[in-house]
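A structural walkthrough
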Amino acid sequence: MCACRCGIRVHLREGPNGPEVRYIEGNPEHPLNQGVICAKGSSGIMKQYSPARLTQPLLRRPGTERGAVQYDAIPWEQAFAILTERLAKIRATDPKKFALFTGRDQMQALTGLFARQFGTPNYAAHGGFCSVNMAAGMIYTIGGSFWEFGGPDLDRAKLFVMIGTAEDHHSNPLKIAISKFKRAGGRFVSINPVRTGYSAIADEWVPIRPGTDGALLLALIHEIVALGLYDRDFIARYTNAGQLVNQDAASDAFGMMLRNPDGDVVNPLRPHNFYWWDRHTGKPVADHTEGADPALLGRFTMPDGTPAVPAFQLLVDRVKDCTPEWAAEITGIPAATIRRLAHEIGITARDQRIELPIAWTDCWGQRHKSVIGRPVAFHAMRGLAAHSNGFHTIRSLAILMSLLGTIDRPGGFRHKAPYPRAVPPNARPPKGPQAVQPNKPLDGAPLGWPESPDDLFVDERGEPVRIDKGFSWEHPLSAHGLMHNVITNAWRGDPYPIDTLLIFMANMAWNSTMNTSEVRKMLNDKRPDGEYKIPFLVVCDAFQSEMTAFADLILPDTTYLERHDCMSILDRPISEFDGPVDAVRVPVLPPLGQCKPFQEVLVELASRLKLPAFTNVDGSRRFKDYPDFIVHYETAPGSGIGFLAGWRGKDGSQSMRGEPNPRQWEMYAQNHCVHHHVLPPEAQYMRNWNRDYMAWAQKNGLRRDNDPIVIHLYSEFLHSFRLAAQGKRAGKQPPARLRERVATYFDALPFWYAPLEQQATDTQKYPLNAVTQRPMAMYHSWDSQNAWLRQIHTHNYLYVNPATARSAGVADGGWMWVESPWGKVRCMCRTSEAVEPGTVWTWNAIGKSAGAWSLADDANESRRGFLLNHLIREELPVAQGGAVSNSDPITGQAAWYDVRVRIYPAQPDEPAATWPQFEPMPRLPGMPIEPPKARAWMAGGKK
C-alpha cells in the first residue's frame, strides 16, 4: 500500500456481495515490520471501500474538453483496442512519441522492461522528484544508498545522527529500530529545520536552514580531519584516498587518476591499475602492493616528472576553509555546536569500536580475524536530496561516513542486496538517437548510470534525446529521469512534441507536479490546428484524482488487496542487512467492478503489440497473465534469474537462481509471502571488498563483475565531465551554452553552493525557506481521501515560528498569504516553536481541489487545506534567455525545497478559504455511491 511494504494479515468475513475486509493487522512473521502496523496500514479498509474508487475504463466523450469530466464507460476490449492501435502506429514510426511515466509504483523493473521493449526512451518513475540525489550521491561514492539499498545499523550503533528525514520514510522498521536503540542507551541527534515525527523523540534537535546541510557536513569533515579522528586504516585500504591524482595543469589528464601501465587492471571494463606513493620506500607502487602503506598527505613527483598528489590531500585542501564559523553563517547552527557534534561523532567512532569474532577474507587475499565496527550511524533522505545542491551534499555525507570507517560495518551504514554495486553500477543508458528504431526494442535500458560523457544520451549536437532531457548535458547523471519536466517539455515541444503520454499512479495535475496551476493549463492547451499539445493522455489509477479530469482515457487500477504483485530483487526489494529479501502480494479480494491491475494491463498490451520479450518466436503470446509472467520470465534464456528469488527450480528447492517453478506463488503464500536468504556471517560485512560475498553476488547475478568496489572520496568520473566541458577530453562535447555549467558543478570533490533558485531570488524580499513533508499517517495523496485518516489530517496549516509570525503580523490560527516569486496561496497559520525561524512548512498533499477524490465540494481539504506546489516553479530563468529545469544540475533532482517566500496577513474582508480555488470536479461514471450515513466497523460488524 505504501513504500514501506510491511507484511500484513487481512481478516475477511462473508458479506452480502462476497468477501469483505473485517480488519487488518501486522504480520509478526514478516522480517520488515515484525507485526508492527501504522495508521495507514490498519486503515486500509477505508482505502478499499473508498467512494473515490474507479471501477471501469472511461473514454472522454467526443467534443468535450479536458477538465470538464465528461466520460463514457467502455469495455476493456475497446480500451485495449484503442491503445493497441495507437501505440502500434507510434512504435512503427517514431517510438519516442510515446512516453510512460509512473509514480511510486514499486514495479519499475516491469514498467522499465515494457518501455525498453516498446523502444521508447521516454520512461521514468518517481525517483527524479523524490530523492534521486540520495541514490546517485551515495552510489557514485560508496556503491549503495539509504532506504531499500542500505541503512543505519541501530542494533549496534551508539550514536545515531538523522539528517533531513521526514517521518514517513521507512516508517515502521525505523520506528522499531529507534525504539530499541534508545532503550539500549543510544544517543539520537536530529538535524532538521522541523522537529516532528522521529525528531520529536531525539535527544538533541539541531535546527538548520534548508539547503545548507552540505555546508554543515563539510565543516564536520574539516573538524574530523583537523582532530585526526578519521579511520586511517580504513580509508587507506578501502577508499581511493591514497590513489595518486595527476597534477600537471598542462596535461589534458589533469585531475584524473594516474594509471600504472604495468599494474593489474583487474577488470578491463573498469581498470584498477592505480598508483600509491609508498611511505616505506618513498616511491610510487601499484595500489594494494603487499607490504606497502600509501601516503595520504603530501605532494610528489613521479619518475617521469609528473606532479602527483594523493586524493586525500585534495580533500583536505578542499575543506581547509570550511570551518565551523564559515558553516555557522550559512546554516544558522552555532560554531560551538558544530565543533561539539564533530568531536562527539569522531570520539564515539574511535573509542567505542566494536569487534565481532567473524573471520573474513578481502578481495586482495588478506585474512581478517574479525569484523571491526565504528558505531556511529547516519540516516538521511529527501531533506538533503530535494535541493539543487543536493548531490554534492549527499556526496559530503557519504565521505564523512567513509572517513569515520562506518561503511558496511557493525553499528554504521550497512548495505542491503542487491547492493553494493560497482561505482557507478554497470547499467548504462542508450548513447544516442540510433538507439531508437521503429518496431525495435531500445538498445539499452531507458535508465542507467553514466560513467563518462560518452555514456550520455544525446545527439550529434550534444542535445537531448529524451523528452525530459535526462542523461543530457543539462542533467548528465539523471539516474531516475526528470518526471517533473515531462509535461512542460511536451507542451513546449522541446526537444520535440510527443503523441501519447501514459501516467500511472502520479497526480501530475496536483501534488506530484511543480507549478501546479500552470501545468494544469498546459494539459488543456491546444495547437493552432485545435489538437491538444499533448494529443492523447492516458491515466491509470485506483482513485479519482485531480489528474483523472485531464485524461482522454482512464484505466481503473486495483488496490493492493486485489492483485498479485512482487517486491523484486530486480527492482526495489525489502532486503535485510543479513541478506536479500523479496516479497509478494497475493489478492485477498476480487477486483472491484472492472478494475484491472496495471501489471496485467502492461502484460496484455505488450502481448498485443508483440513486444519480443512477451512473445514466442512465432509471434504468439508468451505469458498467460501477470502471475504467469512473474513465474516464467528470466533475465536471459536459461539464466535462472527472474523477478522472484525464492522457491525456484521445478520443486521449489532453490534460492536466488533456478529454473521457473510453476508453484512459486503458492509457496510464497505458504511462507508469509516473503523469502529471506540469509548469508553466512562471514559474507555479511565489508561487502564492497569481501571475497566470499563478491563471488556469491556474481554467481547469483547481483553483480556482473568480481572486482572490489573502492569508495570514491575523489570522483574522476565527475571530473571527466569537467574535462569535456573544458575541451580537454575527446568524445562527446557539451553545447557551448552549457560548458560553464558542467565545468562548475562536475567537481571531483563536494562543495557547497547556494541552491539555484535562491541565487535567482531576491532573498530580502522573500526571506523565508518553504518546505513540505508527508505526514506519517498519509501516503502521498492516496490517503487523504481515507475516512479514518481524514480524522487525523483533514486540512493543513502553514507552520511558522512564533517570532517569525509576530514580525509578519500573522496570528496563530489566522488567515495569511504566502507568496513566492512565482505565485501565492492563502492558507491558515499555526505557530510552533518546533520550526527553525527562517523556515515555514506544511504537510504535502492534504489540500485538495474541490470535488476531487469524491470529497464534498466544501470539504475541509479544499476549503481549508492548501497546496504549496502552486508556489514552486519547475523551471528557472537563465541569464542568456530561456529557462532551465529547477533541478540539481548533476542529477536532475527536483528542487522542491528551494523556494523562497514571504508571509503577510490576509485582509479581514477576504474569504475564510484557501486560494487558489478551481471548479468542483464532478463524479466519474461508475464511482461507488457513498451511503447517506457514516460507515463504520466496530467489533467486526458493519453499521
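Here we summarise the structure given alongside this text. Note that the structure is predicted; figures quoted are calculated from it, not measured.

Conventions and cut-offs
- Residues numbered from 1 in each chain as written.
- Predicted model: local features only at pLDDT ≥ 70, side-chain atom pairs only at ≥ 80, totals over all residues.
- Heavy atoms only, no water.
- Axes fitted to C-alpha atoms, helices over the stretch in contact; angles between N-to-C directions.
- Helix = DSSP H or I, 4+ residues; strand = E, 2+ residues; numbered from the N terminus.
- Parallel < 35°, antiparallel > 145°, perpendicular 65-115°, else oblique.
- Left-handed = near helix turned anticlockwise from the far one by under 90°.
- Contact = heavy atoms within 4.5 Å.
- Nonpolar A, V, L, I, M, F, W, Y, C, P; charged D, E, K, R; others polar.
- Pairing = 2+ DSSP bridges.

Bringing the packing of helix α3 (residues 76-93) against helix α16 (residues 598-608) into the picture now. For any two helices packed against each other, the geometry is given by the interaxial angle and the distance between the axes. Where α3 meets α16, the closest approach of the two axes is 10 Å, and the angle between their N-to-C directions is 55 degrees. In terms of axis orientation, α3 runs oblique to α16. Here α3 and α16 pass one another in a crossing that is right-handed. Across the interface between the two elements, Trp-76, Glu-77, Phe-80, Ala-81, Leu-83, Thr-84 and Leu-87 of α3 pack against Val-601, Glu-604, Leu-605 and Arg-608 of α16. Considered class by class, the residues forming the contact of α3 with α16 number seven nonpolar, one polar and three charged.

Looking now at the sheet that holds strand β9 (residues 187-191). Strand order in the open sheet made by the four strands is β10-β9-β8-β20, with parallel pairing throughout. Whereas interior strands pair on both sides, the edge strands pair on one side only; in this sheet they are β10 (204-206) and β20 (376-380). On average, each strand axis in the sheet is tilted by 15 degrees relative to the strand beside it, whichever way the strands run. Relative to β10, β9 runs parallel, the two being bridged by three bridges. For Val-189, the partnering residue across the bridge sits in β10 and is Glu-204. Strands in contact with helix α6 (residues 171-183) are β8 (159-163), β9 and β20; relative to β8, the strand with the most contacts, it is inclined by about 145 degrees.

Read across the open sheet, the three strands follow the order β25-β26-β27; overall the sheet is antiparallel. Here the strands that pair on one side only, and so sit at the sheet edges, are β25 (565-567) and β27 (674-676). Averaged over all pairs of adjacent strands, the angle between their axes in this sheet comes to 10 degrees, without regard to strand direction. Where strand β26 (residues 581-585) lies against β27, three bridges are found, and the strand directions are antiparallel. Bridge pairing in β27 places Val-581 opposite His-676.

Note that all results are geometric; they support no functional claim without further evidence.
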